[in-house]
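Residues per chain are reported as follows:
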Amino acid sequence: MKEDFLHYIWLYKKLDITNLKTTNREVLTILNFGQFIQQAGPDFFNAQIVIQNQKWAGNIEIHLKSSDWYVHHHEKDDNYNNVILHVVWEHDTPIFRKDNSEIPVLELQKYVSREELQKYKELTTQKSWIFCENYIEEVPHFVMTNWQERLFFERLERKSNPIDELLQETENDWESVLFCLLAKNFGLNTNGEMFFKIAKSITFSVIRKEALEVKYLEALLFGQANMIPLHVEEAYPKELKSWYDYIALKYNLQKPLIDSIQFFKHRPDNFPTVRLAQLAMLYHLQRNLFSKIIAAKTVQELYHIFDVSVSDYWKTHYTFDKTSSKKEKSLTKSFIDLLIINTIVPIQFAYAHSLGKDNSELLIDFLSNIPSEKNNIIEKFSTFGIQSKNAFQSQTLLQLKNEYCNQKKCLQCAIGLELLKDKK
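Keep in mind that what you see is a predicted model, and the values were worked out from it rather than measured.

Caption draft 1: Quick peek at the environment of Gln 54. Considering the arrangement of structural elements, one finds Gln 54 in strand β4 (residues 54-65). Judged by its relative accessible area of 43%, Gln 54 falls in the partly exposed class. Each C-alpha atom of the pair Gln 54 and Phe 131 lies 43 Å from the other, and the pair is 77 residues apart in sequence.

As structure tokens, then:
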């Protein structure tokens, strides 16, 4: 048993309150169960109880055992001086405040039904993948949809944390933040962190100034990535090296410390050379990219903004100094979808939040018009009857699995709470 089950019992009043007594056999009446705030200090604030005709107002602390009070050193913490009732599953020792006055104890196991315990046991017994896998399909549609919307914004809030950190580093330069986030996503999982460091190593004003010529942006990006070969036969890589040396001297650029850029296991269209060339072309063609993204109101507008290819050299190359059949190498719709999911929607959310505005409907609409992501988690949910039809739903399922199922937070999950309800 976990402490969160006792929180659940108390919060949802899943106990028989008709004949409560403390462990000292004093009659106990609960007038107000208190507020579950989930912050430092006691578990439930501003409760009201009556013990032997004496009314008390204060806080309630919940533990599995009475002795946990001392395990957690509450006797030394002034935040617990106003605890009026200690609710435990098992009473194993008397508890005293700092002034040596004894705290009344309610032993909860005497007042919780076997049926409630059995439902909890069935839900939290280890299954093949998630605890509720045998029952999740039974959850009413309106419960699932409301919970998915909550999960979606929880995920966005988590994704906005690095955006806030970047804003502090760049003195609220939204264009610079966007550039760094896009670079990370252009690098995909393999090279994302390296691309991110490369982008951070270049002050965005340099990008803005050199964007008139795509070759200068390529020189910047490939140079900072240490990817321009020193000994080649072709003219263009040699020119990139010369341009980079000049730009690096002009702006006093320092190369970031990064691991080697990886080509292994990538299809040619995902080679880091191609992705950096596409990123360079994007910033060559789309000036004031952040403003355009913020102004976009439909997915189609975003597809148009990111409709870019590569420079002439890269149309016939996947790597330096080795020609290949000519190909446009435009950003694919599926790749743009990933950019929208992982960069555009989070930055739109963070920007609206910074202005005190609510753009939730727009963001849900964006992802509702993008196909669902395909990965092991989404596929596994489908085997238990939970289908993902679009990116909004797939994002919520990823949040559910990673932040609730994996963490065993069934009693903080709307699905778990629904499954524990008394069935009429």
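Next comes the rest of the description.
Caption draft 2: View of the packing of helix α5 (residues 174-186) against helix α10 (residues 272-285). The interhelical angle for the contact between α5 and α10, taken along N-to-C directions, is 155°, at an axis separation of 10 Å. Considering the angle they form, α5 stands roughly antiparallel to α10. In the packing of α5 onto α10, the handedness of the crossing is right-handed. Taken together, the residues of α10 that come into contact with α5 (itself represented by Glu 175, Leu 178, Phe 179, Leu 182, Ala 183 and Phe 186) are Arg 275, Gln 278, Leu 279, Leu 282 and Tyr 283. In terms of residue class, the contact of α5 with α10 is made up of eight nonpolar, one polar and two charged.

Caption draft 3: Main features of the packing of aromatic side chains. Evaluation of the coordinates by the stated rule reveals 29 aromatic pairs. Centre to centre, the rings of Phe 290 and Tyr 351 are 5.1 Å apart; their planes meet at 85°, and the pair counts as edge-to-face. One end of the pair, Phe 290, is in helix α11 (residues 289-295); the other, Tyr 351, is in helix α14 (residues 333-354), with 61 residues separating them in the sequence. Phe 290 sits in the buried class, given a relative accessible area of 8%. Between Trp 314 and Phe 320 the ring centres are 4.9 Å apart and the planes differ by 70°, which places this aromatic pair in the edge-to-face class. Residue Phe 320 is classed as buried on the basis of its relative accessible area of 12%. These aromatic residues form a ring-pair network of at least three members: Tyr 216, Phe 222, Tyr 236, Trp 243, Tyr 313, Trp 314 and Phe 320. Against the face of Phe 335 rests Arg 275, its NZ or CZ located 3.8 Å from the ring centre.

Caption draft 4: Expanded view of the nonpolar core. Of all hydrophobic cores here, the largest spans 84 residues; its most connected members are Leu 182, Tyr 283, Phe 306 and Ile 340. Per-element accounting of this core gives the leading share, ten residues, to α14. Phe 306 has contacts with Leu 182, Leu 282, Ile 293, Leu 331, Ile 336, Leu 339 and Ile 344, leaving out every residue within four places of it along the chain. The next biggest cluster of nonpolar side chains, apart from the first, holds 51 residues, and it includes Leu 28, Ile 386, Leu 398 and Cys 410.

Caption draft 5: Quick look at the pairing of strand β3 (residues 44-51). Within β3, six of the eight residues are buried, leaving the element largely enclosed by the surrounding structure. Bridge analysis of strand β1 (residues 28-32) against β3 gives four bridges, and the strand direction is antiparallel. Bridge assignment links Leu 28 to a residue of β3, and that residue is Ile 51. Bridging between strand β2 (residues 35-36) and β3 involves two bridges; their strand directions are antiparallel. In the sheet register, Phe 36 faces β3, and the bridge partner there is Phe 44.

Caption draft 6: Layout of the packing of α5 against helix α6 (residues 188-200). Interhelical geometry of α5 versus α6 gives an angle of 150° and a closest axis separation of 6 Å. Between α5 and α6, the crossing angle belongs to the class labelled roughly antiparallel. The two elements α5 and α6 cross, and the hand of that crossing is right-handed. Across from Phe 179, Cys 180, Ala 183, Lys 184, Asn 185 and Phe 186 in α5, the residues of α6 making contact are Leu 188, Gly 192, Glu 193, Phe 195, Phe 196, Ala 199 and Lys 200. Residues belonging to the contact of α5 with α6 are distributed by class as follows: eight nonpolar, two polar and three charged.

Caption draft 7: Inspection of α14 at higher detail. An ideal rise of 1.5 Å per residue puts 32 Å on 22 residues; α14 measures up with 30 Å between its terminal C-alpha atoms. Of all the bends in α14, the largest measures some 45° and sits at Ile 340.

Caption draft 8: The pattern of salt bridges, seen in detail. Scanning the entire structure with this criterion turns up 13 salt bridges. The salt bridge involving Lys 250 is made with Glu 210; its shortest N-O contact spans 3.5 Å. On the criterion of sequence distance, the pair formed by Lys 250 in helix α9 (residues 235-251) and Glu 210 in helix α7 (residues 204-210) is long-range, its members being 40 residues apart. With a closest N to O distance of 2.8 Å, Asp 245 and Lys 241 form a salt bridge. Linking Asp 245 with Lys 241, this pair stays in helix α9, spanning four residues, or about one helical turn. Classification of Lys 241 as partly exposed rests on a relative accessible area of 27%. Here the residues in one salt-bridge network are Asp 312, Lys 315 and Glu 328, joined through shared partners.

Caption draft 9: Focus on a negative patch on the surface. On the surface, Glu 149, Asp 358, Glu 361 and Asp 365 cluster together into a patch of negative charge. Relative to the helices and strands, Glu 361 resides in helix α15 (residues 360-368).

Thresholds applied
Residues numbered from 1 in each chain as written. Predicted model: local features only at pLDDT ≥ 70, side-chain atom pairs only at ≥ 80, totals over all residues. Heavy atoms only, no water. Helix = DSSP H or I, 4+ residues; strand = E, 2+ residues; numbered from the N terminus. Buried < 20%, exposed > 50% of the residue type's maximum accessible area, 1.4 Å probe, protein only. Axes fitted to C-alpha atoms, helices over the stretch in contact; angles between N-to-C directions. Parallel < 35°, antiparallel > 145°, perpendicular 65-115°, else oblique. Left-handed = near helix turned anticlockwise from the far one by under 90°. Contact = heavy atoms within 4.5 Å. Nonpolar A, V, L, I, M, F, W, Y, C, P; charged D, E, K, R; others polar. Phe/Tyr/Trp six-rings, centres within 6.5 Å; stacked < 30°, edge-to-face > 60°. Lys NZ or Arg CZ within 6 Å of the ring centre and 35° of its normal. Core = buried A, V, L, I, M, F, W, Y, C linked by side-chain atoms within 4.5 Å. Pairing = 2+ DSSP bridges. Expected span 1.5 Å × (residues − 1). Bend = angle between axes of the 7 residues up to and from the residue. Salt bridge = Lys/Arg side-chain N within 4 Å of Asp/Glu carboxyl O. Patch = residues over 30% accessible without salt bridge, like charges linked within 9 Å, V, L, I, M, F, W, Y side chains within 5 Å. Areas by Shrake-Rupley, 256 points an atom, 1.4 Å probe, with all protein chains shown as cover. Lys, Arg positive; Asp, Glu negative; His and termini not counted. Charge placed at Lys NZ, Arg CZ, Asp CG, Glu CD.

Any functional reading would require information beyond the geometric quantities listed.
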